[in-house]
Amino acid sequence: QPMHGFDFDKLSGGINVRRAVEGEKQALLNGTTTELKADTLVISDEIQAQGLAGIMGGEDSSVTDDTKNIYLESAFFVPEKIMGKARQYGLHTESSHRFERGVSPDLQIKAMERATQLITEICGGKVGPISDVTSDQYITEREEIYFEARRIKRHLGIEVESSRVEDILTRLGCELTALENSTDNGWRVKPPVFRFDLATPEDLVEEVARIYGYDN
């Protein structure tokens, strides 16, 4: 879970996510200043942008040796909104790589609590409240995958018992419902929120093969 620490005393008012104003300037942590495009998401206080969302924080509110109060930001962004944005500005960051590939939308508060625990254990200090702002319309439920058991033999050339398939997929965090009123033996499979790579029956066959064992 990518996170960012702001120097709280350098911020003006609250933090929010907005689209950049075309031509708006942003000084970044890497020492460069870039001119923003209107389709770029930024983390902003009430006066100016303080970082490129999901990519890199801003220099003006950066944490230094003189920082006394830290404001932690732990976010989820829809991958499509971050995809390719770093390259537009000639940037390649660990944060952008992770957000482009998908970060679990239920991990943010857990990550912030863990980071807070480490900071207080190492540095001391008092803990402030968490402000949770979520746009529910962008947190979509994972769609179920119609998964016929016969696909496994079709793709792998071997039989894997249904109980073994159910065990594998359940332990990977999937929710399984047996197919009803159908001549097909199989399941409706709902992947966990953090498995963005599971979207088709073929993806599930790969998971069965991986856990069942390539040597088998």
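Going by the structure above, here's the rest.
What counts, and where the lines are drawn
Residues numbered from 1 in each chain as written. Predicted model: local features only at pLDDT ≥ 70, side-chain atom pairs only at ≥ 80, totals over all residues. Heavy atoms only, no water. Phe/Tyr/Trp six-rings, centres within 6.5 Å; stacked < 30°, edge-to-face > 60°. Helix = DSSP H or I, 4+ residues; strand = E, 2+ residues; numbered from the N terminus. Buried < 20%, exposed > 50% of the residue type's maximum accessible area, 1.4 Å probe, protein only. Arc of directions from axis to C-beta. Contact = heavy atoms within 4.5 Å. Core = buried A, V, L, I, M, F, W, Y, C linked by side-chain atoms within 4.5 Å. Pairing = 2+ DSSP bridges. Axes fitted to C-alpha atoms, helices over the stretch in contact; angles between N-to-C directions. Polar contact = N/O pair within 3.5 Å; in protein donor to acceptor, adjacent residues only side chain to side chain.

Trainee: Teacher, can you tell me more about the packing of aromatic side chains here?
Mentor: Applying the stated rule across the entire model yields 4 aromatic pairs. With 6.1 Å between their ring centres and 15 degrees between their planes, F8 and Y71 make a pair best called stacked. Taken together, the residues span a long stretch of sequence, with F8 in the loop between strand 1 (3-7) and strand 2 (16-19) and Y71 in strand 8 (residues 70-74) at a distance of 63 residues. The exposure class of F8 is partly exposed, given its relative accessible area of 43%. For Y71, a relative accessible area of 26% gives the class partly exposed. Ring centres of F77 and F99 lie 5.1 Å apart, and the angle between their planes is 70 degrees; this geometry places the pair in the edge-to-face category. One end of the pair, F77, is in the loop between strand 8 and helix 1 (79-82); the other, F99, is in helix 3 (residues 94-101), and 22 residues separate them in sequence. Among the residues examined, F77 registers a relative accessible area of 6% and is labelled buried. Judged by relative accessible area, which is 3%, F99 ranks as buried.

Trainee: What is the right way to look at helix 6 (residues 162-171) in this model?
Mentor: Since the α-helix turns once every 3.6 residues, residues separated by three or four places project in the same direction. Where helix 6 is concerned, the buried positions are V165, I168 and L169. End-on, the buried residues of helix 6 take up no more than an arc of 90 degrees, which puts them together on one face. Next to the buried residues of helix 6 lie strand 9 (145-148), helix 5 (150-156), strand 10 (175-178), strand 11 (186-190) and helix 7 (201-212). Backbone geometry just downstream of helix 6 places G173 in the positive-phi region, at approximately 100 degrees.

Trainee: I'm lost on the nonpolar core in this one. Help?
Mentor: F147, V165, L169, W187, V189, L204 and V208 are the most contacted members of the largest nonpolar core, which has 16 residues in total. Elements with a minimum of two residues in this core: strand 9, helix 6, strand 11 and helix 7.

Trainee: Any chance you could explain the side chain of E24 here in plain terms?
Mentor: Here E24 shows up in the loop between strand 2 and strand 3 (25-27). Non-local contacts of E24, meaning those with residues more than four positions away in its chain, are made with R18, T34, E35, L36, Q48 and A49.

Trainee: Sorry, what's going on with the sheet that holds strand 10 here?
Mentor: Within a beta sheet, neighbouring strands are joined by backbone hydrogen bonds and run either parallel or antiparallel to one another. One open sheet accounts for 3 strands, arranged 9-11-10; its pairing is antiparallel. For this open sheet the edge positions go to strand 9 and strand 10, each flanked by a neighbour on one side alone. When strand polarity is set aside, the average angle formed by the axes of neighbouring strands in this sheet is 30 degrees. Pairing of strand 9 with strand 11, which is carried by 4 bridges, proceeds in the antiparallel orientation. By the bridge assignment, Y146 is partnered in strand 11 with R188. Across the face of the sheet, helix 6 comes into contact with strand 9, strand 10 and strand 11 while running at roughly 0 degrees to strand 11. Against the sheet, helix 7 contacts strand 9 and strand 11, and its axis sits at roughly 55 degrees relative to strand 9.

Trainee: Teacher, can you tell me more about the environment of N216 here?
Mentor: Structurally, N216 can be placed in the segment after helix 7. In this structure the C-alpha to C-alpha distance between N216 and I158, which are 58 residues apart in sequence, comes to 9.0 Å. From its side chain, N216 meets the backbone oxygen of Y212 in a polar contact 2.7 Å long.

Trainee: Just checking my understanding: could you explain the pairing of strand 11 for this structure?
Mentor: It is a general feature of regular strands that their side chains alternate between the two faces of the sheet. When strand 10 meets strand 11, the two strands line up antiparallel, connected through 4 bridges. Counted as the bridge partner of A178 is W187 from strand 11.

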